[in-house]
Amino acid sequence: MKFRLKWWHAAVFLILVVACLSPLASSSPDGLERIAEDKGFIDKAQDAPYHVIGDYVFPWIHNDALATILAGIVGVVIVLVLAYAVSRLLRAANRGSQ
Amino acid sequence: MHIPDGFLSTGVAASTYVVSAGGIGFAARQAAKKIGEKHIPLIGLTAAFIFAAQMLNFPIAGGTSGHLVGAALAMILLGPWTGALAVSMVVIVQALVFQDGGLMALGANVFNMAIVGCLTAYLAYRGLRLILGPTRKGILVSAALAAWFSVVIASACAAAELAISGTSPLGVALPAMVGTHALIGIGEGAITAVVLSFVLATRRDLLQVPTYSQEATR
């Protein structure tokens, strides 16, 4: 069987490249965080009751860049599978009801 | 602009949960009618790209950063309701798995970024396309401006929620949020236009854009 490059191969590649760039992201506070600091209500923020991959750092990995990239790839896979599965279910449900 | 827990009052958190649950339900019903076989991988890949791109905070002025929300991009690639559904899934996974955005604030975050984001982008995009025309340049400029609008309006909604919750008065939160996100929105517009230009160059047929442009120019 001959391998043929399809558009989604390029898309998956691009997404993985973006995930691998994640350690380069700015660590400055985001817009809302910054305003909360400046306007003095950041202390109201509560920590999450549990942590899975908190703050996009994969646990048990000591290299920060690697831990962030791994977190990114895990997230990409979860979101990809979820969105794919939900759209397939919605399509199946719609066809079933017709 | 992911709101953490503690910033919103119980009333605001609960009511945005109700509105977002209704919005997602409605979006799912609308999406079900529109999703064809070829859209299924595109929905998965768009959501996955938005997740990855949201991790890439870019610096803006004054030691502050911002990142893509992706509502306008999702709306143009998938249509407003399927787009809102895709962004909702990203925001839900971020809250449940990555502790980005609070669990109590999840309703508000879905409302601001997915529902308000996609609908604002849709209305702005439809309007701008009428003015700017159905050319490639018209599509890209409309998309970039619609992306800017969607981020700014979503941030205004977040400011209103903070004000109603008694966390920060509207006179303080609104100009601060809108001002900062007017800058972050420039990045949103640029990324949206660049990604869209790739898709236009390679798989234009996948876009929901031609459908809308045909409607708009008819």
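Just so you know, these numbers come straight off a predicted model, no measurement behind them.

S.K.: Help me understand the overall build of chain B in this model?
M.R.: Helix and strand content of chain B: 8 helices and 2 strands. Moving toward the C terminus, one meets the helices and strands of chain B in the order α-α-β-β-α-α-α-α-α-α. Its C-alpha atoms give chain B a radius of gyration of 17 Å, within 12% of the compact-globule value 17 Å for 218 residues. A principal-axis box enclosing the C-alpha atoms of chain B has dimensions of 45 × 35 × 30 Å. Taking all 218 residues of chain B together, the buried fraction comes to 63%. A separation of at least 24 residues holds for 74% of the contacts in chain B among residues at least 6 apart in sequence.

S.K.: Explain the overall build of chain A here, please?
M.R.: For chain A, the count of helices and strands is 3 helices and 0 strands. The N-to-C order of helical and strand elements in chain A reads α-α-α. Relative to a compact globule of 98 residues, whose C-alpha radius of gyration would be 13 Å, chain A shows 19 Å and is clearly more extended. Considered along the principal axes of its C-alpha atoms, chain A spans approximately 55 × 40 × 25 Å. Burial status across chain A gives 29% buried among its 98 residues. Taking all contacts inside chain A whose residues are at least 6 apart in sequence as the whole, residues at least 24 apart take part in 38%.

S.K.: Explanation requested: the interface of chain B and chain A in the structure shown.
M.R.: Many authors give the size of an interface as the accessible area that is lost as the parts come together. The interface is formed by 53 residues belonging to chain B together with 45 residues belonging to chain A. Elements that contribute at least two residues to the side of chain B that touches chain A include exactly helix 1 (10–34), helix 2 (39–54), strand 1 (58–60), strand 2 (64–66), helix 4 (80–98), helix 6 (136–164) and helix 7 (170–202) of chain B. Within the side of chain B that touches chain A, the residues separate by chemical class into 34 nonpolar, 16 polar and 3 charged.

S.K.: Teacher, can you tell me more about helix 2 (residues 31–38) of chain A here?
M.R.: Looking only at helix 2 of chain A, the buried set comprises Gly31(A), Leu32(A), Arg34(A), Ile35(A) and Ala36(A). Tucked into the core, helix 2 of chain A has its buried residues touching strand 2, helix 6 and helix 7 of chain B. In the segment just after helix 2 of chain A, Gly40(A) is the residue with positive phi, at about 75 degrees.

S.K.: Explain the packing of helix 3 (residues 64–96) of chain A against helix 1 of chain B here, please?
M.R.: To describe two helices that pack against each other, one gives the angle between their axes and the distance between the axes. Direction vectors running N to C along helix 3 of chain A and helix 1 of chain B enclose 75 degrees, while the axes themselves pass 8 Å from each other. Accordingly, the angle class assigned to the pair helix 3 of chain A and helix 1 of chain B is roughly perpendicular. For the pair formed by helix 3 of chain A and helix 1 of chain B, the contact residues are Leu90(A), Arg91(A), Ala93(A) and Asn94(A) on the first element and Ala28(B), Ala31(B), Ala32(B) and Lys33(B) on the second. Tallied by class, residues from the contact of helix 3 of chain A with helix 1 of chain B come to 5 nonpolar, 1 polar and 2 charged.

S.K.: Before we go on, may I ask you to explain helix 6 of chain B in this structure?
M.R.: Within an α-helix, residues lying three or four positions from one another point in the same direction, as the helix has 3.6 residues per turn. All names here are of chain B. Taking 1.5 Å of rise per residue, 29 residues should cover 42 Å, and helix 6 covers 42 Å from first to last C-alpha, within 8% of that figure. Among the 29 residues that make up helix 6, 21 are buried, leaving the element largely enclosed by the rest of the structure. Following helix 6 by one or two positions, Gly166 has its phi on the positive side, about 80 degrees.

S.K.: Explanation requested: the packing of helix 1 of chain B against helix 4 of chain B in the structure shown.
M.R.: All names here are of chain B. With their axes 8 Å apart at the nearest point, helix 1 and helix 4 run at an angle of 125 degrees to one another. Regarding the angle of helix 1 to helix 4, the classification is oblique. Seen along the crossing, helix 1 lies across helix 4 with a hand that is left-handed. On helix 4, the residues that touch Gly23, Ile24, Ala27, Ala28, Gln30, Ala31 and Lys34 of helix 1 are Trp81, Thr82, Ala84, Leu85 and Ser88. In terms of residue class, the contact of helix 1 with helix 4 is made up of 7 nonpolar, 4 polar and 1 charged.

S.K.: Where do I start with the nonpolar core in this structure?
M.R.: Across soluble globular proteins, you tend to see nonpolar side chains buried next to one another. Of all hydrophobic cores here, the largest spans 106 residues; its most connected members are Ala47(B), Val87(B), Cys118(B) and Ala121(B). Those residues in contact with Ala121(B), other than ones at most four positions away along the chain, are Ala71(B), Ala72(B), Met75(B), Ala146(B), Ala147(B), Phe149(B) and Ser150(B).

S.K.: So what exactly am I meant to see when it comes to unusual backbone geometry here?
M.R.: When glycine is set aside, most residues are seen to have a negative phi, and most peptide bonds are trans. For Trp60(A), which is not glycine, the phi torsion reads 70 degrees and is therefore positive. Relative to the helices and strands, Trp60(A) is located in the loop between helix 2 and helix 3. One non-glycine residue, Gln99(B), adopts positive backbone phi at about 55 degrees.

S.K.: Got a minute to help me understand the confidence of the model for chain A in this structure?
M.R.: Looking at chain A as a whole, its pLDDT mean stands at 90, while 97% of the residues score no less than 70. Across chain A, element-level confidence peaks in helix 2 of chain A with a mean pLDDT of 95 and bottoms out in helix 1 (residues 7–20) of chain A with 90.

S.K.: What is the right way to read the environment of Val69(B) from this model?
M.R.: Tracing the backbone shows Val69(B) in the loop between strand 2 and helix 3 (71–78). Between the C-alpha atom of Val69(B) and that of Leu207(B), which follows or precedes it by 138 residues, the distance is 19 Å.

The rules behind these values
Every chain begins its residue count from 1, and numbering advances along the sequence as written. For this description, chains carry letters from A and ligands carry numbers from 1, given in the order in which they are written. Local features in this predicted model are restricted to residues of pLDDT 70 or higher, and side-chain atom pairs are both shown and tallied only at a pLDDT of 80 or more, whereas totals for entire chains, interfaces and linings draw on every residue. Numbering of helices and strands runs from the N terminus; a helix is a DSSP stretch of H or I covering at least four residues, while a strand is a stretch of E covering at least two. In this description the radius of gyration comes from C-alpha coordinates, and the expected globular size is given by 2.2 Å times residues to the power 0.38. To assign burial, the other C-beta atoms lying within 10 Å of each residue's own C-beta are counted, with C-beta atoms placed from the backbone; 20 or more indicates buried, 12 or fewer indicates exposed, and intermediate counts indicate partly exposed. With C-beta atoms placed from the backbone, a contact is any residue pair whose C-beta atoms sit within 7 Å. When residue character is reported, Ala, Val, Leu, Ile, Met, Phe, Trp, Tyr, Cys and Pro are called nonpolar, Asp, Glu, Lys and Arg charged, and the others, Gly included, polar. Where helices are involved, their axes are fitted lines through C-alpha atoms of the stretch in contact, as for all axes, and angles between N-to-C directions lie from 0 to 180°. We call two directions roughly parallel when the angle between them is under 35 degrees, roughly antiparallel when it is over 145, roughly perpendicular when it lies between 65 and 115, and oblique otherwise. To estimate the expected span of a helix, subtract one from its residue number and multiply by 1.5 Å. Less than a right angle of anticlockwise turn of the near helix away from the far helix marks a crossing as left-handed, whereas a clockwise turn marks it as right-handed. As used throughout, a nonpolar core is a set of buried Ala, Val, Leu, Ile, Met, Phe, Trp, Tyr and Cys residues joined through C-beta atoms within 7 Å of each other. Known as pLDDT, the predictor's confidence for each residue is given on a scale from 0 to 100.

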